[in-house]
Amino acid sequence: MKKVLKNCLVVDENLNFEKKDLYVEDGRFVDFAEENAEDVEDLKGALVLPGLVNTHTHAPMSLFRGIAEDVELYEWLSTYIFPREDKLTEEDVYIGSLVSFMEMIKNGITTFVDMYFFQDAVAQAAKDVGIRGVITRGLADISGNGGQKLKECEDFIKAHANDPLIRGGVGPHALYTCSNDYFKEAVQLAHSTDSLLTFHLLESPLEREDYVKRTGMESVDFLDSIGAFDERTIIAHGTHFNEKELDLIAQRGATLSYNPISNAKLGNGIAPIHLALSKKVNVTLGTDSAASNNSLNLFDEIKFGVLVQRAISKDPTVMKMEEVFSMATKNASKPLPFEVGKIESGMLADLVVVNTESLSLSPNEYMKSHLIYSFDTSAIKKVMVNGEWVYDEGFLNVDFHEVMERFEKAVSSLNSRL
Ligand SMILES: [Zn+2]
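Residues numbered from 1 in each chain as written. Predicted model: local features only at pLDDT ≥ 70, side-chain atom pairs only at ≥ 80, totals over all residues. Heavy atoms only, no water.

## Remarks on the overall build of the chain
Scanning the chain from terminus to terminus reveals 14 helices and 16 strands. Across its three principal directions, the C-alpha atoms of the chain cover 65 × 50 × 45 Å. In the chain, which comprises 418 residues, the share counted as buried stands at 56%. Restricting to contacts in the chain with at least 6 residues of sequence separation, those with at least 24 account for 74%. Total accessible area on the chain is roughly 16,900 Å²; 49% of this is exposed by carbon and sulfur atoms. If the 41 positive side-chain charges of the chain are averaged to one point and the 65 negative ones to another, these points end up 2 Å apart. (Helix = DSSP H or I, 4+ residues; strand = E, 2+ residues; numbered from the N terminus. Buried < 20%, exposed > 50% of the residue type's maximum accessible area, 1.4 Å probe, protein only. Contact = heavy atoms within 4.5 Å. Areas by Shrake-Rupley, 256 points an atom, 1.4 Å probe, with all protein chains shown as cover. Lys, Arg positive; Asp, Glu negative; His and termini not counted. Charge placed at Lys NZ, Arg CZ, Asp CG, Glu CD.)

## Focus: the domain arrangement of the chain
The domain architecture assigned to the chain consists of domain 1 (2-50 + 343-392) and domain 2 (52-333). When each unit is reduced to the centre of its C-alpha atoms, the spacing between domain 1 and domain 2 is 28 Å. Counting residues at the interface gives 24 residues for domain 1, matched by 27 residues for domain 2. Taken together, the two surfaces of domain 1 and domain 2 that pack against each other cover about 2,200 Å², and 66% of this comes from carbon and sulfur. Of all residues in domain 1, E13, I372 and Y373 give up the largest surface area on contact with domain 2, accounting jointly for 29% of the area buried on that side. On inspection of domain 1 and its partner domain 2, the count reaches 3 salt bridges. (Domains from an automatic or database assignment. Buried area = accessible area lost by both parts, 1.4 Å probe. Salt bridge = Lys/Arg side-chain N within 4 Å of Asp/Glu carboxyl O.)

## Let's talk about the coordination of the zinc ion
Distances from the zinc ion to its protein donors, H56 (NE2), H58 (NE2), H200 (NE2) and D288 (OD), fall within 2.1 to 2.6 Å. Taken together, the 4 donor atoms coordinating the zinc ion span angles of 84 to 170° at the metal, a pattern that classifies the geometry as irregular. Spacing between the donor residues of the zinc ion along their common chain follows H-x1-H-x141-H-x87-D. Of this pair, H56 sits in strand β6 (residues 52-57) while D288 sits in the loop between β13 (282-285) and α11 (298-313), and the two are 232 residues apart along the sequence. According to the relative accessible area criterion, H56 is buried, its value standing at 2%. (Donors = N, O, S within 2.8 Å, 3.2 Å for Na, K, Ca; no water. Tetrahedral: all angles 85-135°; square planar, octahedral: opposite > 155°, others 65-115°.)

## Considerations on the nonpolar core
Membership of the largest hydrophobic core comes to 109 residues, with the highest contact counts inside it found for F101, L201, L223 and F229. Take this core: its biggest share by element is 9 residues, from helix α2 (residues 90-106). Lining this core are residues from two domains, each supplying at least three of them: domain 1 (2-50 + 343-392) and domain 2 (52-333). The residues contacting L201, other than those within four sequence positions of it, are L175, E207, S219, V220, L223, F229, I235, A236, H237, G238, T239 and F241. With 16 residues, the next largest nonpolar core counts L5, L43, V48 and M384 among its residues. (Core = buried A, V, L, I, M, F, W, Y, C linked by side-chain atoms within 4.5 Å.)

## A look at unusual backbone geometry
The omega torsion of the bond from N293 to N294 falls at 10°, within 30 degrees of zero and hence cis. Relative to the elements of secondary structure, N294 occurs in the loop between β13 and α11. Between S362 and P363 the backbone carries a cis peptide bond, its omega angle lying at -5°. In this structure, D26 takes a positive phi of about 50° despite not being glycine. Considering the arrangement of structural elements, one finds D26 in the loop between β2 (17-25) and β3 (28-30). D26 sits in the exposed class, given a relative accessible area of 64%.

## Quick notes on the packing of α2 against helix α14 (residues 400-416)
The contact between α2 and α14 brings their axes to 9 Å, and the two run at 135°. Between α2 and α14, the crossing angle belongs to the class labelled oblique. Every pair of crossing elements has a handedness; the one defined by α2 and α14 is left-handed. Contact residues: α2 offers E91, D92, Y94, I95, G96, L98, V99 and M102, while α14 offers F400, V403, M404, R406, F407, A410 and L414. (Axes fitted to C-alpha atoms, helices over the stretch in contact; angles between N-to-C directions. Parallel < 35°, antiparallel > 145°, perpendicular 65-115°, else oblique. Left-handed = near helix turned anticlockwise from the far one by under 90°.)

## Focus on the pairing of strand β12 (residues 255-258)
Going residue by residue along β12, you find T255 and S257 tucked away on one face and L256 and Y258 tucked away on the opposite face as well. Pairing of strand β11 (residues 233-237) with β12 involves 3 bridges; the strand directions are parallel. Bridging across to β12, I235 finds its partner in L256. With helix α8 (residues 243-252) bridging β11 and its parallel neighbour β12, the resulting β-α-β unit is right-handed. (Pairing = 2+ DSSP bridges. Right-handed = clockwise from strand over helix to strand, strands pointing away.)

## Digging into the state of the cysteines
Tallying each qualifying case throughout the model produces 0 disulfides. The thiol of C178 is unpaired, and the distance to the nearest cysteine sulfur, on C153, comes to 11 Å. (Disulfide = S-S within 2.5 Å.)

## Points about the pairing of β2
Note: strand β1 (residues 2-11) against β2, 8 bridges, orientation antiparallel. The residue bridging L9 from the neighbouring strand is K19, located in β2. Here β1 folds back onto β2, and the loop between the two strands holds 5 residues, one of which, L15, carries a positive phi near 60°. Where β2 and β3 come together, 3 bridges link them in antiparallel fashion. Each bridged residue has a counterpart across the sheet, and for E25 the counterpart in β3 is R28. Turn length for the β2-β3 hairpin, with the two strands adjacent in sequence and antiparallel, is 2 residues, and the turn residue D26 shows positive phi of about 50°.

Okay, structure coming up:
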């Protein structure tokens, strides 16, 4: 199906604005479509951004948003999260994911990278909303069943090998939940299936010390020895990377998913992104889950992410506007199996239409700055994924009120089963 979007104010990767018409055919931007396109729409000068990419999340955890605040991480996990995760049904995971994907779409996120379980339910929710993503079956062997999880992961990758919206990836959770041998098997599965590999690393302050105590090795050295860092790898957090490790990550071409709000909220620290950028590490942005953020909004990560780097580096010139916008968009296309994050011929047609008559975007003259420092996602009017509108001042593929009712019921039922 051919579409023409007339009179767009398109933002490119360098935050330059250009007035032009966009042509979409078979889910991609094309240079020119014949004038007899079936669908011609006048966007009347609206701002058009590439869809944003959330490179680290756990979608079903919207079920746990606000569950417990101001407690230590261990207490948060053991008292609140783990007992509920033990009782989750496939329906819970579906409805939790649905709500997260709706929130992402509404906030201009069109692609995600997820790690959880009941991956078929997560995929169904993504398809029902119409969002694109890489879904990894979270892998851990400390509580048993490691082999079964790897098999599920491989089956999911194979089942979605040619899916236009959903691909499988490999997600060994972390070195404190996976044995070294198991982690190695996971990396081998990513390599043999040419899939995206993603894992948590050096998120909290004690992780480095604990791993060295347990194994006599540095975690980064072990991971490098098994080939865990390459161009298809997304490292989530990396809050406590040192300079030497950042050099290695840059050399291997791996991507670092910066999750500033989750890291700050859980008291884990802040990743040294100002250093990572000076070493040319490919950096992207992630929200982490709604349980530790508590929003799924990359414009919040953009603003907070810049401010906190400036606060810790005492340098108001680090993380330039173009750099941080690229982190939320085109940098993700390097590790992902999708050509996303840029509005240009040949790229997948994922875009966000923004009403420039908005308080947070005024004065329009300085819009570049507003996208980074004052953007309010209520200015988002329409969202397209894979050449199809999925949001037009409301969700086009799901019934909002019905979903919210089901979601509230799922949370009450889960609490009653504890
Ligand atoms: Zn995470």
